[in-house]
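Summary of the model geometry
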Amino acid sequence: MSVVYPSTLKNARLQLVSDLIAGQTASASTGSATAGQLVIGTSALSGATGVLATIDLETTPFSISGGVATLAGVPLSTTASATGTAAKAELRDNADNVI
């Protein structure tokens, strides 16, 4: 049996993810927003290991509507910091915590 979430719940969860990436606290998504990052790496991606590219996100990284999170400011670009095959990606807050 599948679980179907109403859009209001999906929107709230997606907004929480967006707020956490922006460095806000999860208790009520409060605090000053700061820009997070999209980190692309090899299969060994962990912390600073295996990072191929880091893309800075906007302070409000996503717009949320209808259960869909749309990345803001696209297209985004960066210069690769290493060579290798991209295998993993992580969304991180400004303190480098994986969300």
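Residues numbered from 1 in each chain as written. Predicted model: local features only at pLDDT ≥ 70, side-chain atom pairs only at ≥ 80, totals over all residues. Heavy atoms only, no water.

1. What to know about the confidence of the model for the chain
Counted only if it meets this: On a scale of 0 to 100, pLDDT captures the predictor's confidence in every residue. To qualify as a helix, a DSSP run of H or I must reach at least 4 residues; to qualify as a strand, a run of E must reach at least 2; elements of each kind are numbered from the N terminus.
Per-residue pLDDT for the chain has a mean of 86; in total, 91% of the residues score no lower than 70. Ranking the elements of the chain by mean pLDDT puts strand 3 (residues 62-65) last, at 85, and strand 2 (residues 49-56) first, at 95.

2. A short note on helix 1 (residues 7-21)
Basically, it comes down to this: Expected helix span is computed as 1.5 Å times (number of residues minus one). For each residue, the accessible area found with a 1.4 Å probe, counting protein chains only, is set against the maximum for its type, and the residue is called buried under 20%, exposed over 50%, and partly exposed in between. Note that the arc is defined by the directions from the helix axis to the C-beta atoms. Between two residues, a contact is recorded if the distance between any of their heavy atoms is within 4.5 Å.
In this model helix 1 runs 21 Å from its N-terminal to its C-terminal C-alpha over 15 residues, within 8% of the 21 Å that 1.5 Å per residue would give. Residues of helix 1 that are buried: Ser 18, Asp 19 and Ile 21. The buried residues of helix 1 all sit within an arc of 155° when viewed along its axis, so they share a single face. Contacts made by the buried residues of helix 1 are with strand 3 and strand 5 (88-92). Among the residues trailing helix 1, Gly 23 stands out with phi positive, at a value near 80°.

3. A few points about the pairing of strand 2
On a regular strand, each side chain points to the face opposite its neighbour's, so the side chains alternate between the two faces of the sheet. What counts is decided by this rule: In short, DSSP must find at least two bridges between two strands for them to pair.
As paired elements, strand 1 (residues 37-46) and strand 2 share six bridges and run antiparallel to each other. Looking at the pairing, Ser 46 lines up with Thr 49 of strand 2.

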